[in-house]
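What follows is the residue order along each chain.
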Amino acid sequence: MSSIIITKFVFNGFQENTFILSDSEKNAVIFDPGCYDRYEEEQLFAFIQKEGLKVHAILNTHAHIDHVLGVQAVMKRYNCDFYLHTDDLQSLERVKEYASVYGFAGYKPAYSPTHVLQGGEQLSFGKMNFEVLHTPGHAAGHVVYYSKENHLVVNGDVLFLGSYGRTDLPGGDYEV
């Protein structure tokens, strides 16, 4: 079993969880970068620099506004890949239309994903391996990233402690 180091940041007005996972060789991936303003971006960037991490990818669980606010800044800073499920491409595009309604007038639209997921992919970054599982319900293109060897699931908003993610948002479906 490889050792994964997990670091959590809480960003933006929705109190979204952004995670950095890294291995013993300083390879890193960022899940759901929700950093919105310069202060939040600098928190993330300063940690990465302090730890000497090599950022390989942004792995988004879905494209709701709170999970994509920092995608452009992270891609620009680290020239890394961006992974998103095909069923959430339209949701990602719509964020720029309603960002100001939620108080994010300065939203910089996320770049298009460099990798469009279907579910079932096996992804490797350094010593970290993930299986992509399509888990719609909270969002049409919601995915979780499963690391069997580390007994770890990064699940975005599909599950919460004692509950599950809202299904009344665009792309949500309670029956699914």
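Up top is the structure these notes are about.
What you see is a predicted model, and the numbers here were worked out from it, not measured in a lab. (Residues numbered from 1 in each chain as written. Predicted model: local features only at pLDDT ≥ 70, side-chain atom pairs only at ≥ 80, totals over all residues. Heavy atoms only, no water.)

Undergrad: For this particular structure, what's the right way to read the overall build of the protein?
TA: Scanning the protein from terminus to terminus reveals four helices and twelve strands. Overall size of the protein, expressed as C-alpha extent along the three principal axes, is 40 × 35 × 30 Å. Looking at the protein as a whole, 48% of its 176 residues qualify as buried. A sequence separation of at least 24 residues applies to 61% of the contacts in the protein between residues at least 6 apart. (Helix = DSSP H or I, 4+ residues; strand = E, 2+ residues; numbered from the N terminus. Buried < 20%, exposed > 50% of the residue type's maximum accessible area, 1.4 Å probe, protein only. Contact = heavy atoms within 4.5 Å.)

Undergrad: Explain the environment of C80 to me, please; I cannot follow it from the model alone.
TA: Position of C80 among the secondary structure elements: in the loop between α3 (71–78) and β5 (81–85). For C80, a relative accessible area of 6% puts it in the buried group. If sequence neighbours within four positions are ignored, C80 has contacts with V55, H56, A57, I58, V74 and M75.

Read these as layout, nothing more, since geometry by itself doesn't imply function.
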